[in-house]
Amino acid sequence: MIEFKMPSLGADMEAATLVEWFKAPGDRVERGDIIALVETQKGAIEIEVFNEGIIGEQRIQPGRKVPVGTVLATIVGPAEEEASIPAVKTTKPVEPRPQERLTRAEEAPAPATPPSLRITPAARRRAAALGISPESLAPGSDGIIGLAQVPTGPERAHRRGAGLDLDEMRKAIGAAMVRSHRDIPHYWVMHAIDATPLFEWLETQNAIRPMERRLLYIAPLMKAVALALKQVPELNGHYKDGVFRPSPAVHMGLATALRGGGLIAPAIRDADSRTVDELMDVIAELVPRARLGRLRSSEMTDGTVTLSNLGEGNADSVFPLIYPNQVAIVGCGTACPRPWVVGNAVAIRQVIQVTLAGDHRVSHGRHAAQFLTRLSELLAHPEGL
Amino acid sequence: MTDAELSDLVARSLYAVAPDVEGEPIDPNKSFRAQFEIDSMDFLNFVIGLHKATGVEILEQDYPDLQTL
């Protein structure tokens, strides 16, 4: 028997309120299934399960606020031997797959759905309104998920991101950043990068692409940052209890500003091995979902590094603080035209000021410089990303 | 389409990409970005929404002309 506990969804989380069970005792669950919704300071988070089995007893009822580590339910393993395996995350959770981007004009904000899933539009809308992942629904006898397969739960107030209490979120950010500032010996290294080739490549690409496939510069920029980080393992991973654990893959937290003042950095897994188009799809699906307060537990916990991109029309540079227990954060200022020396002349180029904040317990300025130099090289040849 | 219908279409497309501002009145003289903290991702989704609703192909170089109602 496995004890399914309230997970810690970040360095700053102590407790959360169970809002809803999506599975009932006796239901079969698989790795990556979303089984509950909890409300945290950072919004409503869908909790995934990392074991296979059958839901046993649900010990906590919706509405109760419980500390991290509290047993929420028991899961009975599929076989007696497996019952003794502790609830450790061993495999990749199910991730949103590339899908046609957007648009809410057509469908409610639902999590990404595999193309193979057959669900009627009305069922999809109701599931989204109830915060239920379509993947968690069992199809009817015809193999299609219809309205009959979606529970008719009470109307919940998540449509306007009611899971988001910006005052609470500010407290959570404050707690995490106090800890970062107190515990992590930061250093910052900044480098101005000529990103003109990136913008020229994007302009050419977007001119020939249909509207739905157009790229924003964040997608190739993220890919380049991920590839450059891969070359400097001291900047990608976690530092905990005096030990640095580098991560073989780059799971990139993307700092996302919420209207009204909140900030959250959901993780994009394997940013280094996805194509630019895949990253664009993931970002386009993730950012609106983050703003609605509809993230999944793995997205809150899996980040190995964070990217903070101020974006167009914003300030020149940013000197961010590392999100504990990560060991680096990359800050990109706005891209703007600047005088730039090319050969023996001054030219106008699109320049991005990129800052790397590192943890001196793990790395030092030389590592940051290696990363920034590599990033600069990668951005000079965007077609190779 | 009348002006009123067009305004309504724009508002619906905007609320679709930013459901958290749904129902907010739109000041026709202020940029969407300034009024609703619309960023480039929201904006891209907004123009895709307009395209799907109207069938009009919108070139990237025309995006700067779509900042206000």
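Position labels on residues start from 1 in each chain and follow its written sequence. Here chains are named by letter from A upward and ligands by number from 1 upward, in the order in which they appear as written. In view of the model being predicted, local features appear only for residues whose pLDDT reaches at least 70, and side-chain atom pairs are presented and counted only at 80 or more, with totals across whole chains, interfaces and linings using the full set of residues. The basis for every side-chain value is the complete set of non-hydrogen atoms in the structure, without hydrogens or water.

Peer 1: Looking at this model, I keep getting lost on the overall build of chain A. Mind explaining?
Peer 2: Numbering of helices and strands runs from the N terminus, with a helix taken as a DSSP run of H or I at least four residues long and a strand as a DSSP run of E at least two residues long. Within chain A one finds seven helices and 19 strands. The rule is simple: take the accessible area with a 1.4 Å probe, protein chains only, and divide by the maximum for that residue type; under 20% is buried, over 50% is exposed, in between is partly exposed. Going through the 385 residues of chain A one by one, you find that 53% of them count as buried. Throughout, a contact is declared for two residues whenever any of their heavy atoms are within 4.5 Å. In chain A, once contacts between residues fewer than 6 apart in sequence are set aside, the share between residues at least 24 apart is 65%. For chain A, the accessible surface area stands at approximately 16,700 Å², while carbon and sulfur atoms represent 53% of it. Each accessible area is a Shrake-Rupley result for a 1.4 Å probe, and residues are judged covered by the shown protein chains and nothing else.

Peer 1: Explanation requested: the domain arrangement of chain A in the structure shown.
Peer 2: Many analyses report the size of an interface as the accessible area lost when the parts associate. All names here are of chain A. Those domain boundaries reflect an automatic or database domain assignment. Taken domain by domain, chain A holds domain 1 (1-74) and domain 2 (184-382). Relative placement of domain 1 and domain 2: their C-alpha centres are 31 Å apart. Contact residues are listed per partner, giving 13 residues for domain 1 and eleven residues for domain 2. Both sides of the domain 1 and domain 2 interface together cover about 1,100 Å² of buried area, and 52% of this is carbon and sulfur. Per-residue buried area on domain 1 facing domain 2 is highest for Lys42, Glu46 and Glu48; these three make up 40% of the total on that side. The term salt bridge refers to a side-chain nitrogen of Lys or Arg lying within 4 Å of a carboxyl oxygen of Asp or Glu. On inspection of domain 1 and its partner domain 2, the count reaches two salt bridges. The closest approach of N and O atoms between Glu46 and Arg296, which form a salt bridge, is 3.5 Å. Definition of a polar contact: a pair of N or O atoms within 3.5 Å, with one able to donate and the other able to accept a hydrogen when the atoms are protein atoms, and with sequence-neighbouring residues admitted only if both atoms are side-chain atoms. Taken together, the links from domain 1 to domain 2 amount to five residue pairs in polar contact (both at pLDDT 80 or more). At the level of secondary structure, the elements contributing two or more residues to the side of domain 1 that touches domain 2 comprise strand 4 (34-40) and strand 5 (43-48). Examining the composition of the side of domain 1 that touches domain 2, we find that five residues originate from one element, strand 5, more than from any other. Accessible-area loss on putting two parts together, using a 1.4 Å probe and summing over both, is the definition of buried area adopted here.

Peer 1: Sorry, what's going on with the sheet that holds strand 9 (residues 186-194) of chain A here?
Peer 2: All names here are of chain A. Here a strand pair is declared whenever DSSP counts at least two bridges between the two strands. Here we have six strands laid out as an open sheet, ordered 9-19-18-17-12-15, and mixed in their pairing. Each edge of the sheet is formed by a strand with only one pairing partner; in this case those strands are strand 9 and strand 15 (267-268). Packing of helix 7 (residues 365-380) onto the sheet brings it into contact with strand 9, strand 18 (328-342) and strand 19 (345-359), and relative to strand 9 it is tilted by some 20 degrees. To get an axis, a line is fitted to the C-alpha atoms, and for a helix only the part in contact is used. The angle between two axes follows their N-to-C directions and goes from 0 to 180 degrees.

Peer 1: How should I be thinking about the interface of chain A and chain B in this particular structure?
Peer 2: Of the residues lining the interface, 27 residues belong to chain A; the matching set on chain B comes to 29 residues. Buried surface at the junction of chain A and chain B, summed over both partners, amounts to about 2,400 Å²; 52% is from carbon and sulfur atoms. Summed over the shared surface of chain A and chain B, the result is three salt bridges. Note that Asp42 of chain B and Arg291 of chain A form a salt bridge whose closest N and O atoms lie 3.0 Å from each other.

Peer 1: Any chance you could explain the UniProt feature "domain: Lipoyl-binding" (unreviewed entry) in chain A here in plain terms?
Peer 2: UniProt positions are given in the numbering used here, feature names are shortened, and annotations may be inferred rather than shown by experiment. The sites that UniProt annotates as "domain: Lipoyl-binding" (unreviewed entry) are residues 1-76 of chain A. Each end of residues 1-76 of chain A is marked by a C-alpha atom, and these two atoms are 5 Å apart; helix forms 0% of the span and strand 54%.

Peer 1: Explanation requested: the nonpolar core in the structure shown.
Peer 2: Note on soluble globular proteins: their nonpolar side chains tend to be buried together. Residues belong to one nonpolar core when they are buried, are Ala, Val, Leu, Ile, Met, Phe, Trp, Tyr or Cys, and are joined through side-chain atoms within 4.5 Å. By size, the foremost hydrophobic cluster in this structure holds 99 residues, and its most contacted members are Met222, Val225, Met252, Leu307, Phe371 and Leu375 of chain A together with Phe46 of chain B. Sequence-distant contacts of Met222 of chain A, that is, excluding residues within four places in its chain, are made with Met252, Leu254, Ile268, Ala271, Leu279, Ile283 and Leu307 of chain A.

Peer 1: Any chance you could explain the packing of aromatic side chains here in plain terms?
Peer 2: A ring pair, where both rings are aromatic, is described by two values, the distance of the centres and the angle of the planes. All names here are of chain B. Only centres within 6.5 Å qualify two rings of Phe, Tyr or Trp (six-membered ring in Trp) as a pair; their planes then separate them into stacked at under 30 degrees, edge-to-face at over 60, and tilted for everything else. For the structure shown, the criterion picks out four aromatic pairs over all chains. With centroids separated by 5.2 Å and ring planes inclined at 70 degrees, the aromatic side chains of Phe32 and Phe46 adopt a geometry described as edge-to-face. Of this pair, Phe32 sits in helix 2 (residues 32-36) while Phe46 sits in helix 3 (residues 40-54), and the two are 14 residues apart along the sequence. Residue Phe32 is classed as buried on the basis of its relative accessible area of 2%. Phe46 sits in the buried class, given a relative accessible area of 2%. With 5.8 Å between their ring centres and 70 degrees between their planes, Phe43 and Tyr63 make a pair best called edge-to-face. Taken together, the positions of Phe43 in helix 3 and Tyr63 in the segment after helix 3 put the pair 20 residues apart, joining distant regions of the chain. With respect to class, Phe43 is no different from Tyr63; both count as buried.

Peer 1: Just checking my understanding: could you explain the packing of helix 1 (residues 3-17) of chain B against helix 3 of chain B for this structure?
Peer 2: For any two helices packed against each other, one specifies the inter-axial angle together with the distance between the axes. Residue and element names in this part refer to chain B. One can describe the packing of helix 1 onto helix 3 by two numbers: an axis separation of 9 Å at closest approach and a directional angle of 135 degrees. Our classification of the angle between helix 1 and helix 3 gives oblique. For the pair helix 1 and helix 3, the sense of crossing is right-handed. Where helix 1 abuts helix 3, its residues Leu9, Val10, Ser13, Leu14 and Val17 lie against Asp42, Asn45, Phe46, Gly49, Leu50, Ala53 and Thr54. Residue classes in the contact of helix 1 with helix 3 are distributed as seven nonpolar, four polar and one charged. Angles are sorted into four bins: roughly parallel if under 35 degrees, roughly antiparallel if over 145, roughly perpendicular if 65 to 115, and oblique for all others. For any pair of crossing helices, the crossing counts as left-handed if the nearer helix is rotated counterclockwise from the farther one by less than a right angle, and right-handed if it is rotated clockwise. Under this grouping Gly is polar, as are all residues other than the nonpolar Ala, Val, Leu, Ile, Met, Phe, Trp, Tyr, Cys and Pro and the charged Asp, Glu, Lys and Arg.

Peer 1: Would you mind showing me how to read helix 7 of chain A here?
Peer 2: The α-helix winds at 3.6 residues per turn, so residues separated by three or four positions along the chain end up facing the same way. All names here are of chain A. Under the 1.5 Å per step criterion, the end-to-end length of helix 7 is 23 Å for 16 residues, consistent within 8% with the ideal 22 Å. Every buried residue belonging to helix 7 is among His367, Ala368, Phe371, Leu372, Leu375, Leu378 and Leu379, and all of these are buried. Down the axis of helix 7, the buried side of the element spans an arc of 130 degrees, and every buried residue falls inside it. Check the buried side of helix 7 and you find it contacts strand 9, helix 3 (196-208), helix 4 (218-230), strand 18 and strand 19. Helix span, as expected, comes to 1.5 Å for every residue beyond the first. Within this analysis, the arc is defined by the directions that extend from the helix axis to the C-beta atoms.

Peer 1: Can you walk me through the UniProt feature "domain: Carrier" (unreviewed entry) in chain B in this structure?
Peer 2: UniProt records the feature "domain: Carrier" (unreviewed entry) at residues 20-58 of chain B, using the numbering of this structure. Between the end C-alpha atoms of residues 20-58 of chain B there is a gap of 25 Å, over a span that is 51% helix and 0% strand.

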